[in-house]
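Chains, contacts and geometry: an overview
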Amino acid sequence: MLTEHFSVLTPEVQAARILELDRVLVLVAAKACTAAGKAALLALKPATVEDVPSLKENLRETAAFMALNRECGAVPLAGVEDLKPFLEEVRFPESWLPPRELLVIARTFAALESVLNYRDKVEERAADLYQPVVSVFADIESFTPLARLIESCINDEEEIRDNASLELKDIRRRIASSRRQISFQLKEILANPEFQPLIQDNLVTIRNQRYVLPLRTNFRSAIPGIIHDHSRTRQTCFVEPLESVSLNNNLAVLLQEEKQEEINILRMIGDRLRQLAPLIIETMEQVLALDKLQAKALFGEQINASAPVLQESWEAEGFFLKDARHPLLAATLPKNQVVAIDIEFPAGRCGLVISGANTGGKTVSLKTAGLIALMARCGLLLPVAPESRLPLFSKVLAAIGDEQNLAASLSTFSGHLLAVKAILERADSNSLVLLDELGVGTDPKEGAALAQAVLIELKQRRATFMVTTHYNDVKSYAYEEEGISSVAVAFDPANFRPLYHLQYGVPGLSNALLIARNLGFSEALLERARSLLGEGETRTTNLAAQLEKRLAHTAGHEKELLKLKQQARIEGERLQRLTVELASEKEKIQAGAREQVALLVKEARQKFKVRISELEVAKGKLEGAIKAADKAALKELPEVKVGKLRNAFNEARDEIYELVPETVEVPVVVDLDILDIGDQVMISGQNKAATIVAVEPSRKRLTVVLDSNLRVTLTPDRISRYLSGAAAGHGVGDGTRGESSIKISNLAAHGSDCGLGRGTLGVTGAAQVLNLIGKRVEEATDLLTVFIDQAVVDGQLRVEIIHGHGTGRLRQGIHETLKTLPYVSNFFHPDGASGGAAVTIVELVKR
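The structure displayed is predicted, hence computed values, not measured ones.

**Notes on the overall build of the chain**
Scanning the chain from N- to C-terminus turns up 24 helices and 23 strands. Burial status across the chain gives 40% buried among its 847 residues. Here the chain has roughly 46,000 Å² of accessible surface; of this, 53% comes from carbon and sulfur atoms.

This is the structure:
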């Protein structure tokens, strides 16, 4: 499959075969819905490094399509067939397709409608997910009119319908009439008793499209006519009587006309197909691209893949595959059974030498890196973390497994050496080289020396390589050589099992004796083996074991530190987000207050203009009346002065603006010990002074007389200001506003701190008032619930809620909440003089 892209038996082809890229492509192709899509994916070839921009775009689209599939389901491509062969058949004038093939085309057009319906659905339902892949759906057209034409002419039995044309309908009517005439004539012969001995079977049959009678062979001349056929036993001959020849001839002509008319209908459909062929081909190519893209996305979802960063140059910053999983294992095993590894190549590092126990995952690590590199060049999503960075290697070269070839008289070692030699001839700075058990199969000393020489050669060529080994000399070289890292596959000696992840900076132990012990070898044999190990080998093994334990301990600390750093970063981001949200909310509240004031001013200005206009008209009428009336009698009439009205409006506007303070005042702390009977104080929610008439000895409650001579008992925290001996009755305003204005100001003053409002008296006499002006619906709902609960506990039967007019959303939200509270028996707006729709009176159930 890949031989079309690479030369046969080149190291690149061998690497793709060894790494099993074809198995991956089979799994991807299985996700495609169309035969053309499956074939295209099976023939997928690794792109060259010059195609980096298109590969990046392809990965971006595939990742976006995977997200779209996850949210909206897969695109319904079932029933879409490749129409190019059919269109090729009708590319010449007068050409046509048989009904069966036309029905395939009609069903494909119907399937395309399902694709277009899916496009419309996701465009409306998930526009943010649809936008990155909009180009994939852009050139898919609808061919519904042509599909309906085909279905109107051909039925499901692949027959042309009678009403496909008026001419065909008339011909078939005449054919049916002719057949009835022939059948009637022949049945009369069969019914004649004179001919009964001559008839083999009492029925009318057809031979060569002509109606005939079955006669006994020895009586074939008894009825004059044409013999068309004999039975297989020669006992029956089929004779067309002479009197029916004319009718049969007429029927034959009609059948020819029917066939010609059917061909005319098929040619008409063929002409329509030929006209739309370019558009159909373009649509089918787009559907093919869509099918391939969706198959890649579905496979990516299956292996939990992502689109990492593709690097064109990596020498300066290196590359990193985080949580890399072997694609075939990720596709066939449950997620919890696939161990992810980190493959790290920081800047300045060109090679990894991986060592450790057998079955520990060394070879799988090599295959994982190589297969991921090839998949990236095929435009497939990769089973790695999204933050991974991967170069696009122009060559992936691998020598993994047994290269023995008995037919070519090659031993395992010779085959291995030939593979390594071919790799060295092609390796360069843009190559990824994967060598498993380098130098194995010969004398360990010579094999280790040869392996080190190969590593030096690869480093000089600036190739990127991953090599596995059991040779201690190769491990030592990798540990000491700059630019090469020694990596161990983790092993749990306590449980005698591999852990499969990689540990960097330490050589791995082969653990051959531990594995032999676990497999049941005798302790005496193992002790003899240990005694045969050289002192240097034993020291090296012990040192490597200590390093491995220390590295595992350090890795645990690093994970804990990383976790703490992540938590700190998350908390920092959360604090920053809350700060921004708080500032934004503050600005919204201030903007809302400014908008309400501006709206009040605008409404007042409009009413004032209307009033001014009315006064101007009245003044004109008055001046006209003066001319016609006694001037002396009119002198006593008051003069209409518009200027004074304008001044009054400006003063009212300034007072409205003062309702929204620019700065938040710091509350004044009142010394409760100095309060005494007769003192003047200001009460929260009131705009005039109150006089203290009684104080409890505990100073927890006191009684005051308000400006309206009402006595109220309240707690000291309701006192907002101490006035000492100041005269009572002076309001906050200057007295220039009318009665209605004073009432509006009182409404705004009640419960200004949004507390429960104990001790205040509302405009309707309620003892508790809650002011929710300026609050959002959600915030007001919480405050209202607490307020009602407290009022019920205090034994109140009526309370007031001040919410203002505004847009009506706050009032509506308050009323919806009141409907759900169990202690609320009724609520309503007071009359206009008491606040009207700006206030809601709530009546509570008596406990």
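Back to the text.
**Brief notes about the confidence of the model for the chain**
With 80% of its residues at a pLDDT of 70 or more, the chain shows a mean pLDDT of 80. This stretch, residues 1-8, has a pLDDT under 50; its non-local contacts, to residues over four places away or in other chains, come to 18 contacts. In the predicted structure, residues 404-409 sits below a pLDDT of 50 and forms four contacts with residues beyond four places in sequence or in another chain.

**A closer look at unusual backbone geometry**
In this structure, E94 takes a positive phi of about 70° despite not being glycine. You can see E94 is positioned in the loop between α5 (84-89) and α6 (99-125). With a phi close to 65°, E158 is a non-glycine residue in the positive phi region. Note that E158 resides in the loop between α9 (144-153) and α10 (166-191).

**A few points about the nonpolar core**
Within the largest apolar cluster, 111 residues are counted, with the highest numbers of intra-cluster contacts made by F109, F137 and L273. At 13 residues, helix α11 (residues 245-302) tops the list of elements feeding residues into this core. Excluding anything up to four places from it in sequence, F137 contacts F65, V75, V115, Y118, R119, Y130, Q286 and L290.

**Looking at the pattern of salt bridges**
Counted according to the given criterion, the structure contains 28 salt bridges. We note a salt bridge from R267 to E94, for which the minimum N-O separation is 3.4 Å. Pair noted here: R267 is in helix α11 and E94 is in the loop between α5 and α6, with a separation of 173 residues, a long-range link. By relative accessible area, R267 is classed as partly exposed at 25%. Residue classification places E94 among the exposed residues on the basis of a relative accessible area of 52%. Where E696 meets R701, a salt bridge forms, and the shortest distance between an N and an O atom there is 3.9 Å. Under the relative-accessibility criterion, E696 is labelled partly exposed at 33%. R701 sits in the partly exposed class, given a relative accessible area of 37%.

**A word on the packing of helix α23 (residues 777-793) against helix α24 (residues 809-820)**
Where α23 contacts α24, the two axes come as close as 10 Å, and the packing angle between them is 40°. The pairing of α23 with α24 is recorded here as oblique in orientation. In this structure, the crossing between α23 and α24 has a hand that is right-handed. Mapping the contact onto sequence places V777, A780, T781, L784, T785 and I788 in α23 and R809, L810, G813, I814, T817 and L818 in α24. Here the contact of α23 with α24 is composed, by residue class, of seven nonpolar, four polar and one charged.

**Some points on a negative patch on the surface**
Together, E151, D156, E157, E158 and E159 make up a negatively charged patch on the protein surface. Relative to the assigned elements, E159 resides in the loop between α9 and α10.

**Digging into a nonpolar patch on the surface**
Among the surface-exposed residues, L329, L333 and V364 lie close enough to one another that they form a single nonpolar patch of about 200 Å² accessible area. By secondary structure assignment, the location of L329 is in helix α12 (residues 327-332).

**Side note on the packing of helix α2 (residues 21-29) against α11**
Packing of α2 against α11 leaves a shortest axis separation of 8 Å and a crossing angle of 110°. For the element pair α2 / α11, the angle class is roughly perpendicular. Packed against α2, whose contacting residues are V24, L27 and V28, the element α11 presents A295, K296 and F299 at the interface. A class-by-class count of the residues in the contact of α2 with α11 yields five nonpolar, no polar and one charged.

**Thoughts on the sheet that holds strand β2 (residues 210-216)**
What holds strands together in a sheet is hydrogen bonding between their backbones, with the strands either parallel or antiparallel. Strand order across the open sheet formed by four strands is β1-β2-β4-β3, with antiparallel pairing between neighbours. Where the open sheet ends on each side, the last strands, each with one partner, are β1 (205-207) and β3 (225-230). Taking the axes of each pair of neighbouring strands and ignoring which way they run, one obtains an average angle of 50° across the sheet. Pairing of β3 with strand β4 (residues 236-241) involves five bridges; the strand directions are antiparallel. Across the sheet, the residue bridging to D229 is F238, located in β4. Contacts from α10 reach β2 and β4, with the element oriented near 15° to β2. Across the sheet, α11 is in contact with β2, β3 and β4; its angle to β2 comes to roughly 140°.

**Focus on the sheet that holds strand β23 (residues 839-844)**
Taken together, the four strands give an open sheet; going across it, the order is β20-β21-β23-β22, and neighbouring strands pair in mixed fashion. Of all the strands in the sheet, the pair left with one neighbour each is β20 (769-771) and β22 (824-828). Each strand axis lies, on average, 20° off the axis of its neighbour in the sheet, ignoring direction. Strand direction decides the pairing type here: β22 and β23, joined by four bridges, are antiparallel. When the sheet's bridge partners are listed, V824 is paired in β23 with L844. Packed onto the sheet, α23 meets β20, β21 (798-802), β22 and β23 and runs at close to 160° relative to β21.

**Section: the side chain of D436**
In this fold, D436 is placed in the loop between β11 (431-435) and α15 (444-460). It is K362 that comes nearest to the buried, bridge-free D436 among opposite-charge side chains, at 6.6 Å. A polar atom in the side chain of D436 sits 3.2 Å from the side chain of T363. Among the polar contacts listed, one links the side chain of D436 to the side chain of T468, at a separation of 2.5 Å. Filtering out sequence-adjacent residues up to four positions away, D436 remains in contact with T363, L366, A399, I400, G401, H416 and T468.

**A short note on α23**
Over its 17 residues, α23 extends 24 Å from the first C-alpha to the last, a length consistent with the 24 Å expected when each residue adds 1.5 Å. Every buried residue belonging to α23 is among A780, L784, F787, I788, A791 and V792, and all of these are buried. Seen from one end, α23 has its buried residues packed into an arc of 125°, which puts them on one side. Exposed positions of α23 whose direction lies more than 90 degrees from the buried face are E778, D782 and V793.

**Comments concerning the packing of aromatic side chains**
Under the counting rule described, the total for this entry stands at six aromatic pairs. A centroid spacing of 6.2 Å and a plane angle of 15° characterise the contact between F65 and F137, whose relative ring orientation is stacked. Remark: F137 occurs in helix α8 (residues 134-137) and F65 occurs in helix α4 (residues 52-72); sequence separation between them is 72 residues. Of the two residues, F65 and F137, both sit in the buried class. Taken together, the ring pairs in this structure connect F65, Y118, Y130 and F137 into an aromatic cluster.

Calculation rules
- Residues numbered from 1 in each chain as written.
- Predicted model: local features only at pLDDT ≥ 70, side-chain atom pairs only at ≥ 80, totals over all residues.
- Heavy atoms only, no water.
- Helix = DSSP H or I, 4+ residues; strand = E, 2+ residues; numbered from the N terminus.
- Buried < 20%, exposed > 50% of the residue type's maximum accessible area, 1.4 Å probe, protein only.
- Areas by Shrake-Rupley, 256 points an atom, 1.4 Å probe, with all protein chains shown as cover.
- pLDDT = per-residue confidence, 0-100.
- Contact = heavy atoms within 4.5 Å.
- Core = buried A, V, L, I, M, F, W, Y, C linked by side-chain atoms within 4.5 Å.
- Salt bridge = Lys/Arg side-chain N within 4 Å of Asp/Glu carboxyl O.
- Axes fitted to C-alpha atoms, helices over the stretch in contact; angles between N-to-C directions.
- Parallel < 35°, antiparallel > 145°, perpendicular 65-115°, else oblique.
- Left-handed = near helix turned anticlockwise from the far one by under 90°.
- Nonpolar A, V, L, I, M, F, W, Y, C, P; charged D, E, K, R; others polar.
- Patch = residues over 30% accessible without salt bridge, like charges linked within 9 Å, V, L, I, M, F, W, Y side chains within 5 Å.
- Lys, Arg positive; Asp, Glu negative; His and termini not counted.
- Charge placed at Lys NZ, Arg CZ, Asp CG, Glu CD.
- Pairing = 2+ DSSP bridges.
- Polar contact = N/O pair within 3.5 Å; in protein donor to acceptor, adjacent residues only side chain to side chain.
- Expected span 1.5 Å × (residues − 1).
- Arc of directions from axis to C-beta.
- Phe/Tyr/Trp six-rings, centres within 6.5 Å; stacked < 30°, edge-to-face > 60°.

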